[in-house]
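Residue-level structural notes
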Amino acid sequence: MKKYFFLTLYLIIVTTLLILAGYYAIHYLSTTWNNIQNSPENICNNAGGFWFAVDSCDNYCEPEKQTYCPDAVIAGCECGLEQCWTGTECIPMTK
């Protein structure tokens, strides 16, 4: 009788651990998927833009308001003619 008790207890523990591992795996994957879906690169591509390396000053809708422009190449969105990237979307350029 003791043998069956320990076997049952072992099976309950293993089953519980497998359920918890599955829960955490699903939670991790869904969180990762949401982060990928909401990434600036994905938002840019969904808006019809192209994500690539740009000059740090060329990636703003209002460059005249840019007080500091480091000589660096950063990731940014090329939205197309007469459009610019706000950091979250492509919008028509203001003149």
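These remarks concern the structure in this document. Since this is a predicted model, take the numbers as computed values, not measurements.

Reading guide: rules and limits
- Residues numbered from 1 in each chain as written.
- Predicted model: local features only at pLDDT ≥ 70, side-chain atom pairs only at ≥ 80, totals over all residues.
- Heavy atoms only, no water.
- Disulfide = S-S within 2.5 Å.
- Helix = DSSP H or I, 4+ residues; strand = E, 2+ residues; numbered from the N terminus.
- Core = buried A, V, L, I, M, F, W, Y, C linked by side-chain atoms within 4.5 Å.
- Buried < 20%, exposed > 50% of the residue type's maximum accessible area, 1.4 Å probe, protein only.
- Contact = heavy atoms within 4.5 Å.
- Patch = residues over 30% accessible without salt bridge, like charges linked within 9 Å, V, L, I, M, F, W, Y side chains within 5 Å.
- Areas by Shrake-Rupley, 256 points an atom, 1.4 Å probe, with all protein chains shown as cover.
- Salt bridge = Lys/Arg side-chain N within 4 Å of Asp/Glu carboxyl O.
- Phe/Tyr/Trp six-rings, centres within 6.5 Å; stacked < 30°, edge-to-face > 60°.

So, about the state of the cysteines. Applying the stated criterion across every chain, the model contains two disulfides. Shown here is the disulfide that connects Cys 44 with Cys 77, its sulfur atoms set 2.0 Å apart. Of note, the bridge from Cys 44 to Cys 77 carries an S-S torsion of about 80 degrees and is right-handed in sense. With a gap of 33 residues between them, Cys 44 in helix H2 (residues 40–46) and Cys 77 in strand S2 (residues 73–78) connect regions that are remote in the sequence. Note on cysteine connectivity: Cys 79 is disulfide-linked to Cys 90, with sulfurs 2.1 Å apart.

Moving on, we come to the nonpolar core. With five residues, the main nonpolar core is built from Cys 44, Cys 77, Cys 79, Trp 85 and Cys 90. Cys 44 has contacts with Gly 49, Phe 50, Trp 51, Cys 77 and Trp 85, leaving out every residue within four places of it along the chain.

What follows is about the environment of Gly 80. Counting through the fold element by element, Gly 80 comes out in the loop between S2 and strand S3 (83–85). Separated by ten residues in the primary sequence, Gly 80 and Cys 90 place their C-alpha atoms 8.8 Å from one another.

Let us look at a nonpolar patch on the surface. Where nonpolar side chains cluster on the molecular surface, the patch consists of Phe 5, Phe 6, Leu 9, Ile 13, Leu 17, Leu 20, Tyr 23 and Tyr 24 and spans about 860 Å² of accessible area. Residue position: Phe 5 is located in helix H1 (residues 2–37).

Glancing now at the environment of Cys 44. What makes Cys 44 buried here is its relative accessible area of 0%. Between the alpha carbons of Cys 44 and Glu 78 there is a distance of 8.2 Å; along the sequence they are 34 residues apart.

Bringing the environment of Ser 39 into the picture now. You can see Ser 39 is positioned in the loop between H1 and H2. Overall, the relative accessible area of 21% leaves Ser 39 in the partly exposed class. The sequence separation of Ser 39 and Thr 88 amounts to 49 residues, and the corresponding C-alpha distance is 9.1 Å.

Phi is positive for Glu 82, close to 60 degrees, though the residue is something other than glycine. Mapped onto the elements of the fold, Glu 82 is located in the loop between S2 and S3.

Considering all chains together, one arrives at four aromatic pairs under this definition. A centroid spacing of 5.2 Å and a plane angle of 75 degrees characterise the contact between Tyr 23 and Tyr 24, whose relative ring orientation is edge-to-face. By the burial criterion, Tyr 23 is exposed, and Tyr 24 matches it. Between Trp 51 and Trp 85, the aromatic rings sit 6.1 Å apart at their centres with planes inclined by 80 degrees, giving edge-to-face as the arrangement. Here Trp 51 is found in strand S1 (residues 50–55), whereas its partner Trp 85 is found in strand S3, with 34 residues between them in sequence.

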